[in-house]
Amino acid sequence: MERQCWWYLLVLSCLFQTLSAHSDFYTSIGHMTDLLYTEKDLVTSLKNYITAEENKLKQVKQWAEKLDVLSAIAMQDPEGFLGNPVNAFKLMKRLNTEWGDLESLVLKDTKEGFISNLTLQRQHFPTDEDQTGAAKALLRLQDTYRLDTNTISTGDLPGVTHKSPMTVEDCFELGKIAYSEVDYYHTELWMEQALKQLDEGEESTVDKVTVLDYLSYAIYQQGDLGRALELTKRLLMLDPEHQRANGNLKYFEFQLINQRKAQAQEAQKAREEGKERRKRLTSDASKKKRFREPVPERKMYEMLCRGEGIKLTPRRQRRLFCRYFDNHGHPKYLLSPVKQEDEWDRPYIVRYHDIISHGEIEKVKELAKPRLRRATISNPITGVLETAPYRISKSAWLTAYEHPMIDQINQRIEDLTGLEMDTAEELQKDEPDAFKELGTGNRIATWLFYMSDVAAGGATVFPDVGAAVWPKKGTAVFWYNLFPSGEGDYSTRHAACPVLVGNKWVSNKWIHERGQEFRRPCGLNETA
């Protein structure tokens, strides 16, 4: 029977797809590298244009210097100079012929090659959506990893080898994109950074008045009237005739008076309530101390991404081991067992070290890169598969019969897990009921290859149990998504953290229920 397994490959990046007019470049460094080569080609073309212009200018300059000397001599005694018939002839020749040649030289179009190349490449350039997507990805990284704007602006990120500071224009653009998304929190952060760099003397085409205009309004929208008023006054000191700022000044002053009145009335009301209110507050506070609310899932996710909040106690840690694994004496691994490490106890997650070679990784990437497409999610209301701003990975599917190496890797997974691969997940479907179409049941287990090291970020986290697994090239992690009874193990719900610095390649093998009846017999208890 021909093996018909499919293999799912993802590439995730920190901050770009096939070269088309609408490509989501920002979602994959794997494809963004194409843009670097495009830009390199344009730089070469631009330098050729500059060289041609410089050569032309050099010839014009030499001509001007020669005539300048000649004119200086001739003007000392014009009649005497032209009394020489040779000089008279040369004057006629210059004006009739040589000045015409000079005109042709000046009018010579050396930019045609560069412009035609630029026009050709422009159709492959990122769009406004790409730029906005890259900006929003950077803002998401800032929130997830709690990075201050100055750290990002100076390029001082963990694991960075190619440090790249941001200019005032860069900071202003980030703030402006946040503003257009009605994200006044990040507008404030990045306009403040732009203003800080201007105050420190950085030269820029963006002026303080423009930055203060955005900044004061963003702060007003967040309710800080006093500070918004201060910044507006500073703006007017630089530009007293600024129409919008003059209007805002009066409005902010009026609103601030009303706010202070309301605060005074609140304070008076609190004083009148007296001891009863204080008793009630004390009682409520004590209740809050006794009943601590659980950490929200999103907050737990971000904490785990930063390496915080991991719930593995020292006692549980001592129960995790490393071993040489042959899967109960499998013939292929009796003499060369693989290195297996316990990553987590509940749910049980194991990592296999040196399980995929560099050559295999490169072949998989070579096969996958041309077909990488933006990953989708199922809309919870309509069920339709669609892209989402928070999921900016790209994916591709590889079949066992596309290349012998894929079949070998699939066989390796089967040998080590003992699970049937013939019912493993097929090609990604566009229909919301993709699993029904497969007819192979739910995903019983997940095998996840890490095909690159990541300088910073990119963990796989399990928020329900406080677990985090970090990428390491050449390794794979494995866990069961279902209990032997067939019930779902919700503790295996997981998510990928955004890559802060670097590029993350992973490949999933999703193994399904059908075909595992005798390989992993059903348990008698719901969670066993």
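Residues numbered from 1 in each chain as written. Predicted model: local features only at pLDDT ≥ 70, side-chain atom pairs only at ≥ 80, totals over all residues. Heavy atoms only, no water.

As recorded in an unreviewed UniProt entry, the protein chain goes by procollagen-proline 4-dioxygenase and comes from Oncorhynchus mykiss. Quoted verbatim from the Subcellular location (unreviewed entry) field of UniProt, the annotation for the protein chain is "Endoplasmic reticulum lumen". (UniProt positions renumbered as here; feature names shortened; annotations may be inferred.)

**Q** What is the right way to look at the packing of helix α7 (residues 168-180) against helix α9 (residues 208-221) in this model?
**A** For any two helices packed against each other, one specifies the inter-axial angle together with the distance between the axes. Orientation of α7 relative to α9, taken along the N-to-C sense of each, is 40°, at an axis distance of 11 Å. In this structure, α7 crosses over α9, and the sense of that crossing is left-handed. Contacts from Phe172, Lys176 and Tyr179 of α7 reach α9 at Thr210, Val211, Tyr214 and Tyr217. Each residue belonging to the contact of α7 with α9 can be placed in one class, and the counts come to five nonpolar, one polar and one charged. (Axes fitted to C-alpha atoms, helices over the stretch in contact; angles between N-to-C directions. Helix = DSSP H or I, 4+ residues; strand = E, 2+ residues; numbered from the N terminus. Left-handed = near helix turned anticlockwise from the far one by under 90°. Contact = heavy atoms within 4.5 Å. Nonpolar A, V, L, I, M, F, W, Y, C, P; charged D, E, K, R; others polar.)

**Q** Any chance you could explain the UniProt feature "repeat: TPR" (unreviewed entry) in the protein chain here in plain terms?
**A** The feature "repeat: TPR" (unreviewed entry), as given by UniProt, occupies residues 209-242 in the numbering adopted here. The distance separating the terminal C-alpha atoms of residues 209-242 is 9 Å; by composition the span is 79% helix and 0% strand.

**Q** Sorry if this is basic, but what is going on with the nonpolar core here?
**A** In summary, soluble globular proteins display a tendency toward joint burial of nonpolar side chains. Within the largest apolar cluster, 47 residues are counted, with the highest numbers of intra-cluster contacts made by Tyr145, Leu174, Trp190, Val211, Val461, Cys497 and Leu500. Those elements giving two or more residues to this core turn out to be α5 (128-144), α7, α8 (184-199), α9, α10 (225-238), α11 (243-290), α12 (297-305) and β15 (499-501). Not counting chain neighbours up to four residues away, the residues in contact with tyrosine 145 comprise Cys305, Arg306, Gly457, Gly458, Cys497, Pro498 and Leu500. Among the nonpolar cores identified, the runner-up in size contains 31 residues, and Tyr333, Val338, Ile409 and Trp447 belong to it. (Core = buried A, V, L, I, M, F, W, Y, C linked by side-chain atoms within 4.5 Å. Buried < 20%, exposed > 50% of the residue type's maximum accessible area, 1.4 Å probe, protein only.)

**Q** Just to check I follow, could you spell out helix α15 (residues 404-417) for this structure?
**A** Helical geometry note: an α-helix holds 3.6 residues per turn, so side chains three or four residues apart project in the same direction. The end-to-end C-alpha separation of α15 is 20 Å, in line with the 20 Å expected for 14 residues at 1.5 Å each. Burial runs high along α15: ten of the 14 residues are buried. Listed in full, the buried residues belonging to α15 are Met405, Ile406, Ile409, Asn410, Arg412, Ile413, Glu414, Asp415, Leu416 and Thr417. Immediately beyond the C-terminal end of α15, within one or two residues, lies glycine 418, with a positive phi of roughly 75°. (Expected span 1.5 Å × (residues − 1).)

**Q** So what exactly am I meant to see when it comes to the pattern of salt bridges here?
**A** A pair can form between side chains of opposite charge whenever their charged atoms are brought close. In total, this model carries 27 salt bridges according to the counting rule given. The salt bridge involving arginine 244 is made with aspartate 213; its shortest N-O contact spans 2.3 Å. Here arginine 244, found in helix α11, pairs with aspartate 213, found in helix α9; they are 31 residues apart in sequence, far enough to count as distant. On the basis of relative accessible area, arginine 244 is assigned to the partly exposed category, the value being 48%. Two residues, lysine 363 and glutamate 366, come together in a salt bridge whose shortest N-O distance is 3.3 Å. On the criterion of helical spacing, the pair formed by lysine 363 and glutamate 366 is a turn pair, its members being three residues apart in helix α14 (residues 358-368). Residue class for glutamate 366 comes out exposed when judged on its relative accessible area of 51%. Salt bridges sharing partners connect three or more residues here, namely Glu188, Glu192 and Arg227. (Salt bridge = Lys/Arg side-chain N within 4 Å of Asp/Glu carboxyl O.)

**Q** In this structure, what is going on with the pairing of strand β3 (residues 338-344)? I would like to understand it.
**A** Along β3, five of the seven residues are buried, which leaves the element largely enclosed by surrounding structure. Direction of pairing for strand β2 (residues 322-325) relative to β3: antiparallel, over a ladder of four bridges. Bridged to phenylalanine 325 within β3 is valine 338. Sheet topology note: the β3/strand β4 (residues 349-353) ladder contains five bridges and is antiparallel. Within β4, the position partnered with glutamine 340 by the bridge is tyrosine 352. Connecting the antiparallel pair β3 and β4 is a turn made up of four residues. (Pairing = 2+ DSSP bridges.)

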